Amino acid sequence: MATPEQVSEALARKLSGLQSEGGGTSLEILEVKVPSVLPKLILEIQVGVSGQLWEVSLDYQGHEASLVSGDLTEDTLNYLGFLVRTHLFEWWHTKDTEKYSARMGKRLN
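### Side note on the overall build of the protein chain
Logical step 1: Helix and strand counts for the protein chain stand at four helices and five strands.
Logical step 2: Starting at the N terminus and ending at the C terminus, the protein chain contains elements arranged as α-β-β-β-β-α-α-α-β.
Logical step 3: In summary, the protein chain has a C-alpha radius of gyration of 13 Å against a globular reference of 13 Å for 109 residues, a match within 12%.
Logical step 4: The principal-axis extent of the C-alpha atoms belonging to the protein chain is close to 35 × 25 × 20 Å.
Logical step 5: In the protein chain, which comprises 109 residues, the proportion classed as buried is 39%.
Logical step 6: Of the contacts made within the protein chain by residues no fewer than 6 positions apart, 53% connect residues no fewer than 24 positions apart.
Logical step 7: If you sum the accessible surface of the protein chain, you get close to 6000 Å²; carbon and sulfur atoms cover 48% of it.
Logical step 8: Across the protein chain, 10 positive and 15 negative side-chain charges occur, with their mean positions spaced 7 Å apart.

### A look at unusual backbone geometry
Logical step 1: In this structure, proline 39 follows leucine 38 across a cis peptide bond, with omega equal to 5°.
Logical step 2: Residue position: proline 39 is located in the loop between strand 2 (26-36) and strand 3 (41-49).
Logical step 3: With phi around 50°, serine 50 is a residue other than glycine that occupies positive phi space.
Logical step 4: Relative to the helices and strands, serine 50 is located in the loop between strand 3 and strand 4 (52-60).

### Thoughts on the pairing of strand 2
Logical step 1: Relative to strand 2, strand 1 (residues 17-20) is paired through four bridges, and the arrangement is antiparallel. Bridging across to strand 2, leucine 18 finds its partner in glutamate 28.
Logical step 2: Both strand 2 and strand 3 contribute to a ladder of six bridges, which runs antiparallel. Bridging across to strand 3, lysine 33 finds its partner in glutamate 44.

### A word on the pattern of salt bridges
Logical step 1: In the structure shown here, the tally under the stated rule is three salt bridges.
Logical step 2: Two residues, lysine 40 and aspartate 59, come together in a salt bridge whose shortest N-O distance is 3.5 Å. With lysine 40 in the loop between strand 2 and strand 3 and aspartate 59 in strand 4, this residue pair connects regions lying 19 residues apart in the sequence.
Logical step 3: Residue lysine 40 is classed as partly exposed on the basis of its relative accessible area, which comes to 30%.
Logical step 4: Judged by relative accessible area, which is 35%, aspartate 59 ranks as partly exposed.
Logical step 5: A salt bridge links aspartate 96 to lysine 95, with the shortest nitrogen-to-oxygen separation between them at 3.2 Å.

### Some points on helix 1 (residues 4-15)
Logical step 1: Given a rise of 1.5 Å per residue, 12 residues ought to cover 16 Å, and the 16 Å separating the end C-alpha atoms of helix 1 matches this to within 8%.
Logical step 2: For helix 1, the secondary structure elements touched by its buried residues are strand 1, strand 2, strand 3 and helix 3 (74-94).
Logical step 3: Just downstream of helix 1, glycine 17 is the residue with a positive phi angle, here 110°.

What counts and what doesn't
Counting starts from 1 at the beginning of each chain's written sequence and moves along it residue by residue. With pLDDT at 70 or above as the cut-off, local features in this predicted model cover only qualifying residues; side-chain atom pairs require 80 or more to be listed or tallied, and sums for whole chains, interfaces and linings still use all residues. Side-chain metrics rest on all non-hydrogen atoms present in the structure, leaving aside hydrogens and water. Helix numbering and strand numbering both begin at the N terminus, where a helix is a DSSP run of H or I of at least 4 residues and a strand a DSSP run of E of at least 2. Radius of gyration here uses only the C-alpha atoms, and the compact-globule reference equals 2.2 Å multiplied by the residue count raised to the power 0.38. Using a 1.4 Å probe on the protein chains alone, a residue whose accessible area is under 20% of its type maximum counts as buried, one over 50% counts as exposed, and one in between counts as partly exposed. In this analysis, two residues are considered to be in contact whenever any of their non-hydrogen atoms come within 4.5 Å of each other. In short, Shrake-Rupley with a 1.4 Å probe defines the accessible areas, and a residue's cover is counted only from the protein chains shown. His is not counted, nor are the chain ends, whereas Lys and Arg count as positive and Asp and Glu as negative. Where a charge sits is defined by one atom per residue type, namely NZ (Lys), CZ (Arg), CG (Asp) or CD (Glu). We call two strands paired when DSSP finds no fewer than two bridges between them. By salt bridge we mean one thing: a side-chain nitrogen of Lys or Arg within 4 Å of a carboxyl oxygen of Asp or Glu. The length a helix should cover is 1.5 Å for every residue beyond the first.

Take it as geometry only, folks, not as evidence of what the structure does.
Okay, structure coming up:
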């Protein structure tokens, strides 16, 4: 099983930097922290968007959390990176209209 530190390092390498939505919004992932890997995978991600700095918490259970219960293969990291990017973009676009999304993020500036 991967430790929180191993998951944090691997995801930081996979996700850090500018993430584009294909002509739309761009997010810059500045930092990834992993406080817990089992029974839930919790990610705390610092994101820069449109001159704003946010901290977003993503909480995965079940299948997504089990992705880090074995070795961190490249395929696993690619899939987890895809999930995280997708959820960050969904959060950004729904944070002002959905209560659940609003609770996931905290503006830092």
